[in-house]
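Descriptive analysis of the structure
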Amino acid sequence: MIASVTLDDAVAGDGAVAEVAALFRAEYRSLVRLATLLLGDRGSAEEVVQDAFVKLQLGWRRIREPEKAPAWLRSAVLNGARSQLRHRDVRRRHLEVVVDRVDSAEAGAIASDEHRRVIAALRTLPERQREALALKFYLDLSEAETATAMGVSAGSVKTHVHRGLAALASILEEER
Amino acid sequence: MTVEERLRRAMDDEVASVETDPAAWQRVQAEVARRRRARMARVSLLTAAALVAASVATVALATRDDARQVETIPAGRDSTTTTIESSTTTTTIETTTTSVATPPAEREPYEGIWPFTSQAEADAYEADPGVGMFFDAEATALEFARTYLGMPDPVRDSLTRHEDEGATVVVRPKAASPVKTRLELVGGPDGPWTVWSATTEHIQVDEPGFESVIGSPVHVAGTSLAFEAVVRVEVREDGQAFGQSLGASTVMGGGTEVAPFRGDIAFDTPTKRAGAVVFFTDSAEDGSIVEATVVRVAFAD
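What this report covers is the structure whose coordinates are included nearby.

What counts and how
Residues numbered from 1 in each chain as written. Chains lettered and ligands numbered in written order. Predicted model: local features only at pLDDT ≥ 70, side-chain atom pairs only at ≥ 80, totals over all residues. Heavy atoms only, no water. Helix = DSSP H or I, 4+ residues; strand = E, 2+ residues; numbered from the N terminus. Buried < 20%, exposed > 50% of the residue type's maximum accessible area, 1.4 Å probe, protein only. Contact = heavy atoms within 4.5 Å. Buried area = accessible area lost by both parts, 1.4 Å probe. Salt bridge = Lys/Arg side-chain N within 4 Å of Asp/Glu carboxyl O. Polar contact = N/O pair within 3.5 Å; in protein donor to acceptor, adjacent residues only side chain to side chain. Nonpolar A, V, L, I, M, F, W, Y, C, P; charged D, E, K, R; others polar. Axes fitted to C-alpha atoms, helices over the stretch in contact; angles between N-to-C directions. Parallel < 35°, antiparallel > 145°, perpendicular 65-115°, else oblique.

Thoughts on the environment of G247(B)
Residues and elements named next belong to chain B. Along the polypeptide, G247 turns up in strand β12 (residues 247-252). When its relative accessible area of 9% is taken as the criterion, G247 is described as buried. Taking the C-alpha atoms as reference points, G247 and V233, separated by 14 residues in sequence, lie 8.4 Å from one another.

Below, the structure written as structure tokens:
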């Protein structure tokens, strides 16, 4: 059963729900898109992001500095995406389940060859490199913000980005 | 065009057509409500069982003609305490119920540092709580200060119960000390308490972030004010307490005024998935632990 309160009503209210609703309005779409880049399908991406918001609302009183909530959400989405990917790996190994990817369905029809090649190359990168590239070049986060979201140092982010870009360049060059 | 530009463009193109579920907010609210209902259902069953047990104990005690009941702590959990005074003795009876089946509980992420790091541990304790110390927020906080932080003789400075399931207990390392460590606990009426955060104003930690994923060496940074500027840092995995760690080192902050600290702490391969980074300072007087900031973390695979 779906709750009937609208986002507009929630934003206009007060307390934790209103705070979370305002964040939802500001962040939800970009987080779903980030998760889609990491996971490859929108359905799983929405699940991960919705779960992050559920946890945020249930644990709102533990957020001492509400201005850091977006950073917390990004971390939660990354963690959720990692869990999904690991779960998929297990399923693939045992059940050979093929997960529908956004680039194989409707989006694939409209995507250019160039972008499909780049995205396909991105998905072959190690998890951390992929995350660092998506956070830095899709969300345009600073190195410090990326480091916070990933739970690593800014130095590690630099390394992941550098290696990720180098690997992408190599893969794309080989395909020529 | 550089690889970076190609990547930016490809990512933008890739998700430009991704539209979100128009009912997403409602789904989030429905899930929040469902998890709360699951928790409340569990609380109701436990409360009912505790009330029955408390009633039985009260009736039994009332039959003792030399006893006078002076206090019964309301049953809101599966352990109750009843204190009886007679003309010659004072007796405390702990009543525990463990035989009530509970419905499948929602397994939410558990942020506890100590004594419970998972819902499973909390559930196991609820099933066999011994003297039931951890059903008391203050007792849990003081035992955390002793066992996890290593404070010699901690005392409670203040206790604040929050509306939902939390409590804040401010502790001092000993009665004469002015230094305070603020402990945040989660628990409430439906289960035992556990500490999920410890902070002191003299050690502010910027890195690692709360619940971040760390690997060895972990980079730490923040600001501090401590005796001889030394802040001790330990990386502990779940199950480790004071005197145990995967790795330890010191960082230098401020000695006479607040100043930044930073460093990298190497640690052994953990056997648990999560743990904490513990920052603490020693007493100039006797070297005992005076205050601490503890950050919950997860370990990278």
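Notes on the interface of chain A and chain B
Taken together, the contact pairs 60 residues of chain A with 48 residues of chain B. Regarding the contact of chain A and chain B, the summed buried area is about 4600 Å², with carbon and sulfur atoms giving 60% of it. Counting across the interface, chain A meets chain B through 5 salt bridges. Here D140(A) and R8(B) are joined by a salt bridge, their closest N and O atoms 2.5 Å apart. Our count for the contact surface shared by chain A and chain B stands at 12 residue pairs in polar contact (both at pLDDT 80 or more). Put simply, the parts of the chain that give the side of chain A that touches chain B at least two residues each are α1 (7-12), α2 (15-39), α3 (42-58), α4 (69-95), α5 (106-110), α6 (113-122), α7 (127-138) and α9 (154-175) of chain A. For the side of chain A that touches chain B, the leading source of residues is α2(A), giving 10 residues. The residue inventory of the side of chain A that touches chain B, partitioned by class, reads 33 nonpolar, 8 polar and 19 charged.

So, the pattern of salt bridges
For the structure on display, the rule yields 21 salt bridges over all chains. In this structure, R6(B) and E114(A) form a salt bridge, with 2.8 Å as the shortest nitrogen-oxygen distance. Of this pair, R6(B) sits in helix α1 (residues 3-16) while E114(A) sits in helix α6, on two different chains. Overall, the relative accessible area of 11% leaves R6(B) in the buried class.

Topic: unusual backbone geometry
Residues and elements named next belong to chain B. Geometrically, the link from W114 to P115 is a cis peptide bond, its omega value of 0° lying close to zero. If you trace the backbone, P115 turns up in the loop between β3 (90-96) and α3 (119-127). For the bond running from S216 to P217, omega is -5°, close enough to zero to count as cis. Here P217 shows up in the loop between β9 (212-214) and β10 (218-224). We note that E228 has phi near 55°; this positive angle belongs to a residue other than glycine.

Considerations on helix α4 (residues 137-147) of chain B
Along α4(B), the positions that sit buried rather than exposed are A137(B), T140(B), A141(B), L142(B), E143(B), F144(B) and A145(B). The elements touched by buried residues of α4(B) are β4 (155-161), β5 (166-172), β6 (181-186) and β7 (194-199) of chain B.

Description of the environment of M1(B)
In this fold, M1(B) is placed in the segment before α1. Residues in contact with M1(B), not counting those within four places in the same chain, are R6(B) and R9(B).

Observations concerning the packing of α7(A) against α9(A)
All names here are of chain A. Contact geometry of α7 with α9 gives a least axis separation of 8 Å together with a crossing angle of 100°. Taken together, the axis directions place α7 and α9 in an arrangement best described as roughly perpendicular. Contacts between α7 and α9 involve R128, Q129, A132, L133, K136 and F137 on the former and, on the latter, H160, V161, R163, G164, L165, A167 and L168. Taken together, the residues of the contact of α7 with α9 sort by class into 7 nonpolar, 3 polar and 3 charged.

Purely geometric numbers; function is a separate question.
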